[in-house]
Amino acid sequence: DQSNVTSYAATVVAIVTLEAFAGMWINAFIVSMICIAWVKKETLNSNEKILLLLGCSRFWFLCILWVYSFLSAIYPYYLHVHPTTQLIGCIYIFLNYLNLWVSACLCVFYCIKIANFRNSFFIYLKVKIDRIVPWLLLGSLLLALAISVLDYDVTEKLYSKNNNSTCQGNFGEESIKMEEHLFSIYFLTGFGYVASFMAVTFSALLLLFSLWRHKRNMQTNSMKDLSMDAHIKAMKSILSFLVTYSINFICLILTISYPIEKYKNAVMFLVFVYLYAFPGVHSLLLIFSNPKLENTLLRILSSVKCKVCMR
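Residue positions are counted from 1 within each chain, in the order its sequence is given. Given that the model is predicted, a residue must reach a pLDDT of at least 70 before its local features are reported, and side-chain atom pairs must reach 80 or more before they are shown or counted; all residues, however, enter totals for whole chains, interfaces and linings. For side-chain calculations, the full set of non-hydrogen atoms in the structure is used, while hydrogens and water are omitted.

- Looking at an unreviewed UniProt entry, the chain carries the name Taste receptor type 2, with the source organism given as Sclerurus mexicanus.
- UniProt positions are given in the numbering used here, feature names are shortened, and annotations may be inferred rather than shown by experiment. Database annotation for the chain, UniProt heading Subcellular location (unreviewed entry): "Membrane".

1. A few points about the overall build of the chain
(1) Moving on: Helix and strand assignments come from DSSP, with helices taken as H or I runs of at least 4 residues and strands as E runs of at least 2, each series counted from the N terminus. Broken down by element type, the chain carries nine helices and zero strands.
(2) Moving on: Reading the chain from its N terminus to its C terminus gives the helix and strand order α-α-α-α-α-α-α-α-α.
(3) Moving on: With a 1.4 Å probe rolled over the protein chains alone, any residue whose accessible area is under 20% of its type maximum counts as buried; one over 50% counts as exposed, and the rest are partly exposed. By the burial criterion, 37% of the 311 residues in the chain qualify as buried.
(4) Moving on: Contact definition: two residues touch when any of their heavy atoms are within 4.5 Å. Of the contacts formed within the chain by residues at least 6 apart in sequence, a portion of 75% connects residues at least 24 apart.
(5) Moving on: Split by element, the accessible area of the chain, about 18,000 Å² in all, is 69% carbon and sulfur. Here the open area of atoms and residues is found with the Shrake-Rupley method and a 1.4 Å probe, where only the protein chains shown may cover a residue.

2. Some thoughts on unusual backbone geometry
(1) Moving on: Here the phi dihedral of Glu42 falls at roughly 65°; this positive angle occurs in a residue that is not glycine.
(2) Moving on: Within the secondary structure, Glu42 sits in the loop between helix 1 (2–41) and helix 2 (46–74).
(3) Moving on: On the basis of relative accessible area, Glu42 is assigned to the exposed category, the value being 68%.

3. Quick notes on the packing of aromatic side chains
(1) Moving on: The criterion for an aromatic pair is that two Phe, Tyr or Trp rings (for Trp, the six-membered ring) have centres within 6.5 Å, with stacked assigned to planes under 30 degrees apart, edge-to-face to planes over 60 apart and tilted to the rest. Applying the stated criterion to the full structure yields 13 aromatic pairs.
(2) Moving on: On the basis of an interplanar angle of 40° and a centroid distance of 6.1 Å, the ring pair of Phe272 and Tyr276 is categorised as tilted. You can see Phe272 and its partner Tyr276 sitting in helix 8 (residues 266–288), four residues apart, about one turn around the helix.

4. Structural notes on the UniProt feature "transmembrane region" (unreviewed entry) in the chain
(1) Moving on: With numbering matched to this structure, UniProt assigns "transmembrane region" (unreviewed entry) to residues 12–39, 51–71, 91–112, 132–150, 185–209, 238–260 and 266–288.
(2) Moving on: Here residues 12–39 is 100% helix and 0% strand, with 40 Å between the C-alpha atoms at its ends.
(3) Moving on: When the span residues 91–112 is considered, its composition is 100% helix and 0% strand, and the gap between its end C-alpha atoms is 31 Å.

What follows is the structure in structure tokens.
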């Protein structure tokens, strides 16, 4: 059994290391390219602001995830102690929620910027979206911080109640209170997952409806329509985001639905493999949906390939 546990831990660390470093490199590329553009232009547009915060949050999220996985495999008894576990959990919740909410803001931004509706409120949002984006990012930051602090407070109370029940022997009464605290954690976690997923889903559906309506109105026009091309490209991007988000949402729900003792079965192993890969995969899709980032990445890869071939 001990050898199986060691083998499982080594496999997890190897996979997490591969996915984390790939994801960190992809997000570091996004952040560095945007920072270079920031220095040149001395300003950032709304899309670049969102991508900058998203890239930073995902880079540090993967960094913390890799450090925790590596240390938990090597020093499990020293790492899983109070209050280290609570602090790491708080940081993990903050960064995870931040990248989920910021990526949802990106989908909403695409929807408002590209979709065409005659609704007065939607037109108002389209005109004011560049002013709204900083507030959306600030709101995402504060919401992620609030939920992480609440999660830390709940786990701290749970730890205290568990120690008191062990010392005093009031297992019946304390177990009920522990279940209430666990329900609070699950509710907070599920709320963040569902809210961000619904934002992405509604944005994708609105863009899809806008594209369908635009195609119907332009069927009799034989001229090439640049707006149609923008719609099609945006829909490819937003639908790819929706697919990856849907799988990620299902995986996140499974992590809070399954008991901890079932985490080492094959299904949950695949779930965590995807969750660790999601920040890198989604960021890679963002790169290929942005012509400037895509061209720069292809130039870098081609130059690296040439240097390797010359050797």
